[in-house]
Amino acid sequence: MLENLLAYIKQEDVAEQLYHSLIGIEIEEHRIEGDGQLSQHPYPENLGSRKYHPYLQSDFSESMNELITDPNPNIGGVLDQLDTIQTVLYHSMKDDEYIWPLSMPPALSDDDIHFVENHFARPPFQEYRDYLTKKYKVPLKIVTGLHVNFSIPEPVVNRLYTHYEGQFKSLVEFKNALYFQIAQNFVLHRWLLTYLFGASPIAEKGFFSGETPAPLTHPVRSIRNSIYGYVNKPEDQVNVTLYSSLGNYIDRISNAIDQHRLFSPAEFYGPVRLRGQGALKDYRTKGISYLEFRVMDNTPFTPNGISRHALYFLKFFLMYLLVQPVDETRIHDKLKQSFDDNNRVALESPDQPTFKEAEGLKIFRNLIEMAKQLHAHSEQLQALDDFSEVMSHPELTASAMLLPKINNNSLKAFGIQTAKKWKNKRVNSQYLLPAMSHLTPIAQRLIFHAIALGIRYYVVRDEHGEELLMLTYDNITQVVYSNKVNDHPLQYLYELFPTIEKAAKKNW
């Protein structure tokens, strides 16, 4: 067991480095048309090929965009990049297209479902996609959400390892233990995230093919995080008890694939995925590089799907989960109970106290005490204080705030109004890229076209403090001064990366 981690973090004075653990965001969201139906327009043609694009992809349906940020130690940095990628997408859509703000899809007609089934422009994924369509059907596969990637700084891992060398055979084994402790604790505490960030209270017409399940005849906290949402089927035999150990996680998913219960590791829909290796068996020898947390509903009250405040809370919460020893006694039963508890919270009435309120308040007291011990920054402390208040005031949760927006058991009017408001504000801004308004208009255009084409970008400074744009594509990096970009930024990018113009025009 990893005991005394908090003491060693203080002893080694690495709290500040932990505050700068890398965070990355992946968010799925649908393009809709002005009437609130899923868009039937093709994938935006000016965006580079999805074969290699680092920032803009699509998922199960052509209307289902996926936005991916680079990992970043600063929450402001990752949210600015997410905002910038969002802006590029908004400017790339048709005039009558908007972004649906909710995780549960808009109302679905038979025509919508038929269209999604028969329009898919990524040939290498067609077999997998056909398999998913047959097994899960269209409505469940087009539920959207936000995933958060998290990695501990390597210097922190190395410093802490000096206190545990007698317990672990290698640094890789120790690092795996750190990450898996976070993963286990996250599963055990998942209900708290469902309570705080659940934002999918109802399903629109057409989501269920038959009768609406009895627990969903009234609004709930999060359909997406319940047994009616994005979960594997019981017969897949990959429930949350596979988090009882790293070996069990690897073996259970591997066996499910070998026995054709799962198509691939991508079909495992658990609340946390281990990341960093291509083959599951390699986690034992090469180690976990980062974790992907998959339980966040899209927040419909912020145009980027998650707030700065929420990320400050989440990052500190993951630090808290890191230092909490996991009692392995009856761990299988505890994990199973955590699944049941989370489902119960997910299906509670949004404006009523959760049955876990007392436990939640205790967790927040522990979080705030730990934050004081580690001299947390004011914004971290403020986030903890604010979400502690939400714990005892369910009316402040996103799901509860959506209740007055429901009309005739639908959020359609709210969704359309919000989508149009967001687009109008973004495309009519005085800046092409509002989150990068400090750059010259020409430099903003360069970044805009770079993102659209699929060129990685970083803004850095030279030794004299001058701003540089570092651009990378196909293992080639070019660096230009932000104030020395010529008047034809798209052509300039074609000159810097001669192969990208042709690559970007690939069909998929």
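Residues numbered from 1 in each chain as written. Predicted model: local features only at pLDDT ≥ 70, side-chain atom pairs only at ≥ 80, totals over all residues. Heavy atoms only, no water.

### Focus on the overall build of the protein chain
Within the protein chain one finds 20 helices and 10 strands. Radius of gyration (C-alpha) of the protein chain: 23 Å, near the 23 Å computed for a compact globule of 508 residues. Summarising its shape, the C-alpha atoms of the protein chain cover approximately 65 × 60 × 45 Å along the three principal directions. Buried positions account for 58% of the 508 residues belonging to the protein chain. For the protein chain, restricting intrachain contacts to residue pairs at least 6 apart in sequence, the fraction spanning at least 24 positions comes to 74%. (Helix = DSSP H or I, 4+ residues; strand = E, 2+ residues; numbered from the N terminus. Rg over C-alpha atoms; globule rule 2.2 N^0.38 Å. Buried < 20%, exposed > 50% of the residue type's maximum accessible area, 1.4 Å probe, protein only. Contact = heavy atoms within 4.5 Å.)

### Section: the environment of Y290
Mapping Y290 onto the fold places it in strand β7 (residues 290-296). You can call Y290 partly exposed: its relative accessible area is 26%. Considered as a pair, Y290 and L22 are 268 residues apart in the sequence and their alpha carbons are 9.0 Å apart. The residues touching Y290, leaving out its near neighbours within four places in the chain, are N149, F150, S151, Y179, R273, L274, R275 and G276.

### Notes on helix α19 (residues 489-496)
All of the buried residues in α19 are P489, Y492, L493, Y494 and L496. Among the structural elements, α18 (441-453), β9 (467-473), β10 (476-481) and α20 (500-504) are those in contact with the buried residues of α19.

### Some points on the sheet that holds β9
A sheet is described by the order of its strands in space; here 3 strands give the open sequence β8-β9-β10, paired in antiparallel fashion. For this open sheet the edge positions go to β8 (456-461) and β10, each flanked by a neighbour on one side alone. Averaged over neighbouring strand pairs, the angle between their axes works out to 25° when direction is ignored. Against the sheet, α18 contacts β8, β9 and β10, and its axis sits at roughly 15° relative to β9. (Pairing = 2+ DSSP bridges. Axes fitted to C-alpha atoms, helices over the stretch in contact; angles between N-to-C directions.)

### A closer look at the packing of aromatic side chains
If you walk through the whole model with that rule in mind, you get 27 aromatic pairs. Pairing Y19 with F316 gives two aromatic rings, centres 6.4 Å apart and planes at 35°, and the pair type is tilted. Of this pair, Y19 sits in helix α2 (residues 15-19) while F316 sits in helix α12 (residues 308-323); the two residues are 297 residues apart in sequence, bridging distant segments of the chain. Residue Y19 shares its accessibility class with F316, and that shared class is buried. In textbook terms, an aromatic cluster arises when at least three aromatic residues are bridged by ring pairs, as seen for F197, F313, F317, Y320, F364 and F387. (Phe/Tyr/Trp six-rings, centres within 6.5 Å; stacked < 30°, edge-to-face > 60°.)

### So, the packing of helix α8 (residues 171-188) against helix α9 (residues 190-197)
Interhelical geometry of α8 versus α9 gives an angle of 60° and a closest axis separation of 4 Å. Considered as vectors, α8 and α9 are oriented oblique to each other. On α9, the residues that touch F186, V187 and L188 of α8 are R190, W191 and L193. Residues of the contact of α8 with α9, tallied by class, amount to 5 nonpolar, no polar and 1 charged. (Parallel < 35°, antiparallel > 145°, perpendicular 65-115°, else oblique. Nonpolar A, V, L, I, M, F, W, Y, C, P; charged D, E, K, R; others polar.)

### Considering the nonpolar core
Residues L56, I152, Y243, Y249, L311, F313 and F317 are the most contacted members of the largest nonpolar core, which totals 130 residues. When residues no more than four places from it in sequence are discounted, the contact partners of L311 are I23, I25, I75, V78, L79, V148 and I306. Residues A203, L216, I223 and Y230 belong to the second largest nonpolar core, which totals 22 residues. (Core = buried A, V, L, I, M, F, W, Y, C linked by side-chain atoms within 4.5 Å.)

### Remarks on the pairing of β10
Note that β9 and β10 share 6 bridges and pair antiparallel. Bridge pairing links Y473 to I476 in β10. Hairpin connection of β9 to β10: 2 residues between the antiparallel strands, including D474 at a positive phi of 50°.

### Let's talk about the pattern of salt bridges
This structure, assessed with the given rule, holds 23 salt bridges. We note a salt bridge from R224 to D297, for which the minimum N-O separation is 3.2 Å. Here R224, found in the loop between α9 and α10 (246-258), pairs with D297, found in the loop between β7 and α12; they are 73 residues apart in sequence, far enough to count as distant. Taken as a pair, R224 and D297 share a single burial class, namely buried. Across the salt bridge formed by K334 and D327, the nearest N and O atoms sit 3.6 Å from each other. Overall, the relative accessible area of 29% leaves K334 in the partly exposed class. Connected via shared salt-bridge partners are R273, R275, E292 and R294. (Salt bridge = Lys/Arg side-chain N within 4 Å of Asp/Glu carboxyl O.)

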